[in-house]
Amino acid sequence: MMSKESLTGRERTFGAEEIIVSKTDLKGKITYANDVFIRVAGYTEAELLGRPHNSIRHPAMPRCVFELLWQTVHDGREIFAYVVNRCKNGDHYWVLAHVTPTFDAGGSIVGYHSNRRVPGREAIAMIEPIYDELLREERLYRTPKEQWRASLPVLVAKLENLGLTYEEFIFQTCS
Ligand SMILES: Cc1cc2nc3c(=O)[nH]c(=O)nc-3n(C[C@H](O)[C@H](O)[C@H](O)COP(=O)(O)O)c2cc1C
């Protein structure tokens, strides 16, 4: 949707009472975007609907976080994750995302749903150096698969050192 070169380095925020909501199909194409998402990301609804969610991907996001996200929701479970996204004009905004699968009456996954709140400054300050370290590891490899396969164990080892699961880590930083 836009190139790396157009990043501005300017951060946008949104209200503590606001929730950025999107829904996707099974492949991650956006099927719903609420007004807060549209306003903060700076796109029109028409520009977002039908687009893959990686259209708003920011290069500061490690691949392994999205790998963990997809593995978890494919498995029918929910996940919380800190994500930095890119706005249409190249600004960025941090979110604490809660991503869940949506099931039909027969228990099959029919899509995914993400509710995002604004994270605390301390949480961002804690997560940024960790993401930087994961990105440094990923840059040593060429293909996306090689990259997340290299960085995911770094993330897991970091959490093991802290004696935390990924979920416990997220809750510790946002409480
Ligand atoms: C419900 C849902 C919401 C998502 N929200 C975002 C998001 O806000 N930003 C983002 O970069 N990726 C989001 N993703 C993950 C993307 O689908 C994709 O995996 C990620 O952007 C990495 O894309 P890439 O592997 O093509 O680089 C979401 C996925 C789902 C299922």
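Please read these numbers as outputs of a predicted model, since none were measured by experiment.

Asker: Explain the site of the ligand to me, please; I cannot follow it from the model alone.
Answerer: If you check the shell around the ligand, you find 14 residues, and the closest are Asn54, Arg57, Trp70, Asn85 and Arg116. Asn54 has a polar side-chain atom sitting 2.7 Å from an oxygen atom of the ligand. Contact distances for the ligand include 3.1 Å between a nitrogen atom and a side-chain N or O atom of Arg116. More than half of the atoms belonging to the ligand lie within 2 Å of the grid points that define the largest pocket. Mapped onto the shell around the ligand, the elements with two or more residues apiece are helix H3 (63-74) and strand S5 (109-117). By residue number, the principal contributor to the shell around the ligand is S5, which donates 4 residues.

Asker: Sorry if this is basic, but what is going on with the layout of surface pockets here?
Answerer: The method is simple in principle: a probe with the dimensions of a water molecule rolls over the atoms, and the space it marks as empty is what remains. Counted as a void, the largest pocket has a volume near 590 Å³. Forming the walls of the largest pocket are 26 residues, and the residues nearest its centre are His53, Asn54, Phe66, Leu69 and Trp70. Elements that contribute at least two residues to the lining of the largest pocket include exactly strand S1 (20-24), H3, strand S3 (79-86), strand S4 (92-103), S5 and helix H5 (144-162). Looking at the lining of the largest pocket, the element that brings in the most residues is H3, giving 6 residues. Split by residue class, the lining of the largest pocket holds 12 nonpolar, 8 polar and 6 charged.

Asker: It is not clear to me how helix H4 (residues 121-138) should be interpreted in this structure. Could you clarify?
Answerer: Residues three or four positions apart in an α-helix share a direction because the helix packs 3.6 residues into each turn. Over its 18 residues, H4 extends 25 Å from the first C-alpha to the last, a length consistent with the 26 Å expected when each residue adds 1.5 Å. Those residues of H4 that are buried are in contact with H3, S3, S4, H5 and helix H6 (166-174).

Asker: Explanation requested: the environment of His92 in the structure shown.
Answerer: Examined against the element boundaries, His92 turns out to sit in strand S4. With 16 residues separating them along the chain, His92 and Gly76 place their C-alpha atoms 29 Å apart.

Asker: I keep staring at the side chain of Gln147 and nothing clicks. Help me out?
Answerer: Residue placement: Gln147 occurs in helix H5. A polar atom in the side chain of Gln147 sits 3.5 Å from the backbone oxygen of Glu138. In contact with Gln147, not counting residues within four places along its chain, are Arg63, Glu138, Tyr141 and Arg142.

Asker: I tried to follow the packing of aromatic side chains on my own but got confused; where do I start?
Answerer: When we look at a pair of aromatic rings, we describe it by the centre distance and by the angle of the planes. On inspection of all chains with the given rule, the structure shows 3 aromatic pairs. Judged by centre distance (5.3 Å) and plane angle (85 degrees), the rings of Trp70 and Tyr112 are edge-to-face. Here Trp70 is found in helix H3, whereas its partner Tyr112 is found in strand S5, with 42 residues between them in sequence. A relative accessible area of 27% means that Trp70 is categorised as partly exposed.

Cut-offs applied
- Residues numbered from 1 in each chain as written.
- Predicted model: local features only at pLDDT ≥ 70, side-chain atom pairs only at ≥ 80, totals over all residues.
- Heavy atoms only, no water.
- Near = heavy atom within 4 Å.
- Polar contact = N/O pair within 3.5 Å; in protein donor to acceptor, adjacent residues only side chain to side chain.
- 1 Å grid on protein atoms, 1.4 Å probe; cavity = no way out; pocket = protein on both sides within 12 Å on 5 of 7 lines; lining within 4 Å.
- Sits in = over half its atoms within 2 Å of the grid points.
- Helix = DSSP H or I, 4+ residues; strand = E, 2+ residues; numbered from the N terminus.
- Points joined across faces, edges and corners; volume = space filled by probe spheres on them.
- Nonpolar A, V, L, I, M, F, W, Y, C, P; charged D, E, K, R; others polar.
- Expected span 1.5 Å × (residues − 1).
- Contact = heavy atoms within 4.5 Å.
- Phe/Tyr/Trp six-rings, centres within 6.5 Å; stacked < 30°, edge-to-face > 60°.
- Buried < 20%, exposed > 50% of the residue type's maximum accessible area, 1.4 Å probe, protein only.

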